[in-house]
Amino acid sequence: MSQELRAVEWTGDALALIDQTALPHRTETLRVRDVDGLVDAIQRLVVRGAPAIGAAGAYGVALALLQAEREHWDGERLRAGIARIRAARPTAVNLMVCVDRVAARLDDGLDAVLAEADAVQREDVEANRAMGVHGADWLIERVAEDRPLRLLTHCNTGALATAGWGTALGVIRELHARGLVELVHADETRPLLQGSRLTAWELVQEGIPHRVQADGAAAGTILRGEVDAAIVGADRIAANGDTANKVGTVGIALACADAGIPFLVAAPTTTVDLATPDGSAIHIELRGENEVLEWGGVRTAPAESRGHNPAFDVTPGRLVTGLVTERGVLEVSAGELPGERLA
Ligand SMILES: CSC[C@@H](O)[C@@H](O)C(=O)COP(=O)(O)O
């Protein structure tokens with residue numbers, strides 16, 4: 001196994017982010033020193049994936065505090081800067097939760113802020129490790145009976161998307177460590193290719209057998225009986241189990257329901273938003289239309305066409321067979337609702 005990746009790392013006076021827009025062709029690190037730089041990095045997906053954005057936001061409070069000292073900001077300007085980080089991407093609830101948690105220590109000074117951000121990062125890795133074990137145990141008990149599994153995943157939920165190890169990909173890594181992965185179908189994840197660029201790259205690093213497929217191939221692969229279970233991450237989970245995740249996820253869940261195979265969501269409890277009763281209340285980020293009208297900066301759609309580019313969709317909780325958290329697996333479609341079990 002390769003050395004564990006750190007998508008987000010505090011360096012003492014800056015935040016070092018692996019530039020996920022450059023992978024897999026170039027491994028570059030972007031050093032962010034101020035609020036504008038961090039907001040830009042989050043919005044351009046230099047750092048992405050709900051838990052990784054949460055960790056970046058946590059350290060972003062420290063960056064804002066240092067910038068305030070350097071540039072003699074008053075308290076109001078500091079809070080406005082932190083609010084901009086908090087709002088940089090609207091769907092991933094981890095960003096808001098982590099920023100608020102660390103900002104609550106502002107009056108205690110930089111050391112306290114950094115200690116809280118370190119705790120956010122440490123706890124996320126611990127949660128991912130625990131999810132890996134719970135998810136792998138559940139799949140072995142319910143599906144595998146000790147034979148290697150054929151899995152399907154969407155977007156990127158690995159070390160790059162988290163503080164370390166990964167959520168859905170963490171479960172896959174745990175299964176692989178136990179010798180129980182036959183093949184991973186990695187959806188390419190249009191329009192920004194987090195699956196083919198990032199998940200495939202991580203799977204290569206880990207030596208996990210995989211093949212990349214177009215998002216449009218996923219339902220057919222499932223219905224042909226080539227997949228034992230699908231496992232994805234989440235950006236926000238409502239109290240009733242409705243799950244916002246990368247656009248394309250709900251089609252996978254529908255195909256799994258039709259095929260009678262498990263559809264699992266792996267996410268830390270920081271992704272569960274008990275204040276949101278159901279998926280209709282989740283704000284879905286609409287990104288710029290050029291991401292779907294162009295390819296590699298070259299216009300592919302007719303000049304007259306307009307684009308529609310929701311970054312996420314919502315899978316109804318009734319289609320979520322299991323929600324894998326660090327506390328265990330909730331069988332949501334069987335009535336174990338997060339709002340009741342995690343409150
Ligand atoms: C562990 S990451 C879970 C989700 O954040 C992930 O599945 C996803 O949808 C990421 O979207 P992205 O737009 O790349 O930030």
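By the naming in an unreviewed UniProt entry, the protein chain goes by Methylthioribose-1-phosphate isomerase and is assigned to Streptomyces triticagri. The UniProt entry for the protein chain carries the following comment under Pathway (unreviewed entry): "Amino-acid biosynthesis; L-methionine biosynthesis via salvage pathway; L-methionine from S-methyl-5-thio-alpha-D-ribose 1-phosphate: step 1/6."

(A) Quick look at the site of the ligand. The ligand sits among 19 residues. The nearest are R48, G49, A161, G233 and K246. Contributions of two or more residues to the shell around the ligand are made by α2 (50-70) and β9 (243-246). Within the shell around the ligand, the residues separate by chemical class into 9 nonpolar, 7 polar and 3 charged. Counting the residues that make up the shell around the ligand, at least three belong to each of domain 1 (8-123) and domain 2 (130-341).

(B) Representation of the sheet that holds strand β14 (residues 312-315) within the structure. Read across the open sheet, the 4 strands follow the order β11-β8-β9-β14; overall the sheet is mixed. Bordering the open sheet on either side are β11 (272-273) and β14, each of which pairs with just one other strand. In this structure, strand β8 (residues 236-238) lies alongside β9, joined through 2 bridges in antiparallel fashion. In the sheet register, R236 faces β9, and the bridge partner there is A244. Relative to β14, helix α9 (residues 249-259) is tilted by about 30°, and along the sheet it contacts β9 and β14.

(C) Expanded view of the UniProt feature "site: Transition state stabilizer" (unreviewed entry) in the protein chain. Within this structure's numbering, the places UniProt gives as "site: Transition state stabilizer" (unreviewed entry) are C155. Tracing the backbone through its elements, the reader meets C155 in the loop between β4 (149-153) and α6 (168-177). Classification of C155 by C-beta neighbours within 10 Å gives buried; the count is 30. Leave out the neighbours within four places in its chain, and C155 touches T189, Q194, G195, V232, G233, N245 and K246.

(D) Main features of the sheet that holds strand β2 (residues 15-18). If you trace the 3 strands from one edge of the open sheet to the other, you get β1-β2-β3, paired in antiparallel fashion. The open sheet has two edge strands with one neighbour each: β1 (8-10) and β3 (29-32). Strand-to-strand twist across the sheet, computed as the mean angle between neighbouring axes with direction ignored, equals 25°. Bridge analysis of β2 against β3 gives 4 bridges, and the strand direction is antiparallel. Residue pairing in the sheet places I18 in a bridge with T29 of β3. Running at roughly 25° to β1, α2 makes contact with β1, β2 and β3 of the sheet.

(E) How the structure looks around the UniProt feature "binding site: substrate" (unreviewed entry) in the protein chain. Feature annotation in UniProt places "binding site: substrate" (unreviewed entry) on R48, G49, A50, R89, Q194, N245 and K246, given in this structure's numbering. With 32 C-beta atoms counted inside 10 Å, the residue G49 sits in the buried group. Once residues within four sequence positions are removed from consideration, G49 is found in contact with N156, T157, L160, A161 and T162. On the secondary structure map, A50 appears in helix α2.

Cut-offs and rules
Residues numbered from 1 in each chain as written. Predicted model: local features only at pLDDT ≥ 70, side-chain atom pairs only at ≥ 80, totals over all residues. UniProt positions renumbered as here; feature names shortened; annotations may be inferred. Near = placed C-beta within 6 Å. Helix = DSSP H or I, 4+ residues; strand = E, 2+ residues; numbered from the N terminus. Nonpolar A, V, L, I, M, F, W, Y, C, P; charged D, E, K, R; others polar. Domains from an automatic or database assignment. Pairing = 2+ DSSP bridges. Contact = placed C-beta atoms within 7 Å. Axes fitted to C-alpha atoms, helices over the stretch in contact; angles between N-to-C directions. Buried ≥ 20, exposed ≤ 12 C-beta atoms within 10 Å, placed from the backbone.

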